[in-house]
Amino acid sequence: MSNVRVRIAPSPTGFLHIGTARTALFNWLFARQHGGAFILRIEDTDTQRSTDEFDHAIGDGLAWLGIDWDEGPDFAGVGAKGEFGPYRQSLRADIHRGEAQRLLDEGKAYKCFASREELDALGHNRKWRDATPEQVEAMGEAPYAIRFKVPEGVTVIDDLIQGTVRIENKEIDDFVIVKPNGDPIFHLAVVVDDGLMKISHVIRGDDHLSNTPRHVMLFEALGYAVPQFAHLPMVLTEGGKKMSKRDHGANLLDWRTEGYLPEAVLNYIAFLGWNPGDDRELFTRDELVEAFRLERVNKSGARFGLKRIQFLNGQHIRRLSAEDLRARLVAVLEEAGFDTSSKSEAWLTQLAEICREKIPTLNDIVRQADFFFVEPAEYEEKAVKKQWEKDDALERMRLIRETMESVDPWTHDALKAAYEAVAGAREMGLGKLVHPTRLALTGKSVGPGLFELAELLGKETCLARMDRG
C-alpha cells in the first residue's frame, strides 16, 4: 500500500469553482497513480456563509467528473452532517482547540489579551509574548486570543512546482491560531487536520503559497511530519486575469447545464497548467491516470480557452457509443419537453448517429432535432428568400414532391439515388433540390444529412410537409 495521501479541502461557501475542480483532479490523479488515498475534507467552519446547497454542489460536481474520494461513503448523507460522506472541519474543532492548548502548554503559543482597539491603534505587538504567569493570571476571565510564537530563523519550502522558497521568520508576526470566542483559525485547523490525517503531499493553488511558511512552522511545532508541497498555477481568463466567480465557466456545474460531457470537461481541466509532453489532446480518465506527472505542471497561470473546450467536447461526443449518445440525448430532449416515448430505441439511436457530427454540445440536439417531434412552426426567413422566392421555386417544389412520391423503399439510399437521377436529367446541381427540401421538412437551412433525416421522418410526414411548404 502506498503512503501517498492527498486531500482537497473546499469551503461550501459558493459553487464548485473550476479551479478547485482542477486542484481536486490533480490530487486524485496523483493518488490513483501511486495507489494512495484521496481525501475530501469540507472546511465548513464559516457557518454564516456555508450552506447545504453549496455542500451538495461540491460532491455533485466531483461525482459528475468521476472523481471519487476515499475514507467515507458516498455524498448521499450530506444532510446528516458527520454521519456520512467526507471529513468535516466543523466537527473537529475540539481536536483543533486541544492541539492549540498543547502548544500553550509547551510554550510555543501564548494568550494575547490585546483588545481590538489596541490592535487597531498599534497593530500587533508582542506585549503578551513574554508576559509572566502572574500577569496572565491577573487578567482573570478576560477574553483572549491564542497566538503562535513565530520562532527565529528561516523557513525553507522545497515546492515541487514552484521550486525552493525561503522566508525569513522575522517577516512574519506572531499569528492568531484561536480567536477570543474559541474558534480555531484556518491556519491551525488545516495543519492539525493534515498532520493527523498523515497527508503526504499538499497539492493546492499557488494563492496559498504565502500561507505555507506559517503552516510549516505549525507542522514542526506540533511534531507532525511536514508534507511535500506543490502549488498549482492559478486558472486565468482568456484575457489573463484571475478567473473570478462572475466569469463564464467558473462554476463547474454550468458546463453540465450547458450540455458538455464530463469526459470532455475532465480532459480540458487536466490541461489547465499541465501537459503530457507530447502532442496528444484526447484523454479518458484512465489515460490521464497513466500520463499525469506532477513535474510536468507549469509554474505560470493557465489560461482558460472556450474554443478548446468546445473542440474537446465535440471530439468526446464523437467517441461515445451510439447507445451511450442516444441515452444522453434522450435525457436532453425530454428535459426540453419533447416526448420520445413513442419512438423505438433503434429510431432514437439512428437519430443520435445522424446528429453526432453536428452537435458541439448535447444541448444542441434540441436545435438540431426539434422538427422530428413537432412540425416546423416557421421557416428561416433568409432561407425562404433564397430557396422559395425564385422564379422557378414552385416548379422545383412540385418536381421534388413528385420525386418523393415515387421513392420506394423509403430509405436513405433510394432517396439519394432518386434525387441524383432527377438532378442529372434536368442538368441542375443537386443542391437545387436538396436545399428547398430541407427547408420544407425542417424549417431550417442547415442540419443533419437530408436523406438520413427524411428516412427517419418517414414518407407520409415528408410528403405532408412538402405540401405545406
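The structure under discussion appears in the preceding block.
For clarity, every value in this text was computed on a predicted model and none was experimentally measured.

**Q** Is there a simple way to explain the side chain of Thr-237 in this structure?
**A** Inspection of the secondary structure assignment puts Thr-237 in the loop between β11 (235-236) and α8 (252-257). You can call Thr-237 buried: its relative accessible area is 16%. Thr-237 has contacts with Lys-242, Met-243, Asp-247, Arg-303 and Phe-304, leaving out every residue within four places of it along the chain.

**Q** What's the story with unusual backbone geometry in this structure? I'm lost.
**A** Glycine aside, residues mostly have negative phi, and peptide bonds are mostly found in the trans state. The omega torsion of the bond from Asp-408 to Pro-409 falls at 0°, within 30 degrees of zero and hence cis. Tracing the backbone shows Pro-409 in the loop between α16 (393-406) and α17 (412-425). Positive phi is not limited to glycine here, since Lys-198 has a value of about 55°. Its place among the elements puts Lys-198 in the loop between α6 (186-196) and β9 (201-205). Judged by relative accessible area, which is 63%, Lys-198 ranks as exposed. Positive phi values are uncommon outside glycine, yet Glu-427 reaches one of about 50°. A relative accessible area of 75% places Glu-427 in the exposed class.

**Q** Explanation requested: the environment of Gly-429 in the structure shown.
**A** The topology assignment puts Gly-429 in the loop between α17 and α18 (431-442). Gly-429 sits 34 residues away from Glu-395 along the chain, and the two C-alpha atoms are 15 Å apart.

**Q** So what exactly am I meant to see when it comes to the packing of helix α1 (residues 18-33) against helix α9 (residues 262-270) here?
**A** The description of two packed helices rests on the angle between their axes and on the distance between the axes. The geometry of α1 relative to α9 is characterised by a closest axis approach of 9 Å and an angle of 85° between their N-to-C directions. The orientation of α1 relative to α9 falls into the category roughly perpendicular. Contacts between α1 and α9 involve Ile-18, Ala-21, Arg-22, Leu-25 and Phe-26 on the former and, on the latter, Leu-266, Ile-269 and Ala-270. Classifying every residue of the contact of α1 with α9 by side-chain character gives seven nonpolar, no polar and one charged.

**Q** How do you make sense of the sheet that holds strand β2 (residues 37-42) when you look at a structure like this?
**A** Two strands in a sheet stick together by hydrogen bonds in their backbones, pointing the same way (parallel) or opposite ways (antiparallel). The strand order across the open sheet formed by three strands is β1-β2-β3, and the pairing between neighbours is parallel. Where the open sheet ends on each side, the last strands, each with one partner, are β1 (5-8) and β3 (87-88). Taken together, the four bridges between β1 and β2 define a ladder with parallel strand orientation. In the strand pairing of β2, Ile-8 is matched with Leu-40. Across the face of the sheet, α1 comes into contact with β1 and β2 while running at roughly 165° to β1.

**Q** Explain the pattern of salt bridges here, please?
**A** Where side chains of opposite charge bring their charged atoms close, a pairing between them can arise. One pass over the structure, following the stated rule, counts 28 salt bridges. Of the charged contacts, one joins Arg-102 and Glu-99 as a salt bridge, the two residues approaching to 2.9 Å between their closest N and O atoms. Of this pair, Arg-102 and Glu-99 both sit in helix α3 (residues 93-105), three residues apart, roughly one helical turn. Exposure remark for Arg-102: the relative accessible area of 26% places this residue in the partly exposed category. In this structure, the salt-bridge partner of Asp-324 is Arg-328, at a minimum N-O distance of 2.9 Å. Of the two residues, Asp-324 and Arg-328 are both situated in helix α12 (residues 322-335); the distance of four residues between them amounts to about one turn of the helix. Residues participating in the shared-partner salt-bridge network are Arg-7, Arg-41, Glu-43, Arg-92, Asp-193 and Asp-194.

**Q** Whenever I open this one, the packing of α16 against α17 confuses me. Can you help?
**A** Look at α16 against α17: their axes get within 10 Å of each other, and the N-to-C directions meet at 140°. Accordingly, the angle class assigned to the pair α16 and α17 is oblique. For the pair α16 and α17, the crossing hand works out as right-handed. The segment α16 lies against α17, with Leu-399, Ile-400, Thr-403 and Met-404 engaging Ala-418, Tyr-419 and Val-422.

**Q** Please explain the pairing of strand β6 (residues 154-159) as it appears in this structure.
**A** Within a regular strand, the side chains alternate between the two sheet faces. Along β6, the buried face is formed by Thr-155, Ile-157 and Asp-159; none of Val-154, Val-156 and Asp-158, which line the opposite face, is buried. Examined bridge by bridge, β6 and strand β7 (residues 163-168) share six bridges and lie antiparallel to one another. Residue pairing for β7: Thr-155 is matched across the bridge by Ile-167. Between β6 and the antiparallel strand that follows it, β7, lie three residues.

**Q** What's the story with the sheet that holds strand β5 (residues 145-148) in this structure? I'm lost.
**A** Read across the sheet, three strands follow the order β4-β5-β8 without closing on themselves; strand pairing throughout is antiparallel. Among the strands making up the open sheet, the edge pair consists of β4 (109-112) and β8 (176-178). Neighbour to neighbour, the strand axes of the sheet diverge by 45° on average, direction disregarded. Bridge count between β5 and β8: two bridges; the pairing is antiparallel. Considered in β8, the bridge of Arg-147 is made with Val-176.

**Q** So what exactly am I meant to see when it comes to the nonpolar core here?
**A** Looking at soluble globular proteins, one finds that nonpolar side chains tend to be buried together. Residues Leu-25, Phe-38, Leu-65, Ile-67, Val-265, Ile-269 and Trp-274 are the most contacted members of the largest nonpolar core, which totals 53 residues. Not counting residues up to four positions away in its chain, the partners in contact with Trp-274 are Phe-26, Phe-283, Leu-288, Ala-291, Phe-292, Arg-293, Arg-296, Val-297 and Asn-298. Counting residues in hydrophobic clusters, the runner-up holds 51 residues, among them Phe-372, Phe-373, Val-434 and Ala-440.

**Q** Hey, could you run me through helix α7 (residues 212-222) in this one?
**A** Structurally, the α-helix is built with 3.6 residues per turn, so residues lying three or four positions apart point the same way. Judged by how many residues are buried, α7 sits mostly within the fold: nine of 11 residues are covered. Within the span of α7, buried status applies to Thr-212, Pro-213, His-215, Val-216, Met-217, Leu-218, Phe-219, Ala-221 and Leu-222. In the segment just after α7, Gly-223 is the residue with positive phi, at about 80°.

**Q** Which parts of the structure should I look at to understand the environment of Asp-60?
**A** With respect to the secondary-structure elements, Asp-60 resides in helix α2 (residues 52-65). By relative accessible area, Asp-60 is classed as partly exposed at 32%. Put simply, Asp-60 and Pro-180 are 120 residues apart on the chain and 36 Å apart in space, counted from C-alpha to C-alpha. Not counting the four nearest positions on each side in its chain, Asp-60 is found in contact with Leu-253 and Arg-256. In terms of polar contacts, Asp-60 uses its side chain to reach the side chain of Arg-256, at 2.9 Å.

Conventions used here
Residues numbered from 1 in each chain as written. Predicted model: local features only at pLDDT ≥ 70, side-chain atom pairs only at ≥ 80, totals over all residues. Heavy atoms only, no water. Helix = DSSP H or I, 4+ residues; strand = E, 2+ residues; numbered from the N terminus. Buried < 20%, exposed > 50% of the residue type's maximum accessible area, 1.4 Å probe, protein only. Contact = heavy atoms within 4.5 Å. Axes fitted to C-alpha atoms, helices over the stretch in contact; angles between N-to-C directions. Parallel < 35°, antiparallel > 145°, perpendicular 65-115°, else oblique. Nonpolar A, V, L, I, M, F, W, Y, C, P; charged D, E, K, R; others polar. Pairing = 2+ DSSP bridges. Salt bridge = Lys/Arg side-chain N within 4 Å of Asp/Glu carboxyl O. Left-handed = near helix turned anticlockwise from the far one by under 90°. Core = buried A, V, L, I, M, F, W, Y, C linked by side-chain atoms within 4.5 Å. Polar contact = N/O pair within 3.5 Å; in protein donor to acceptor, adjacent residues only side chain to side chain.

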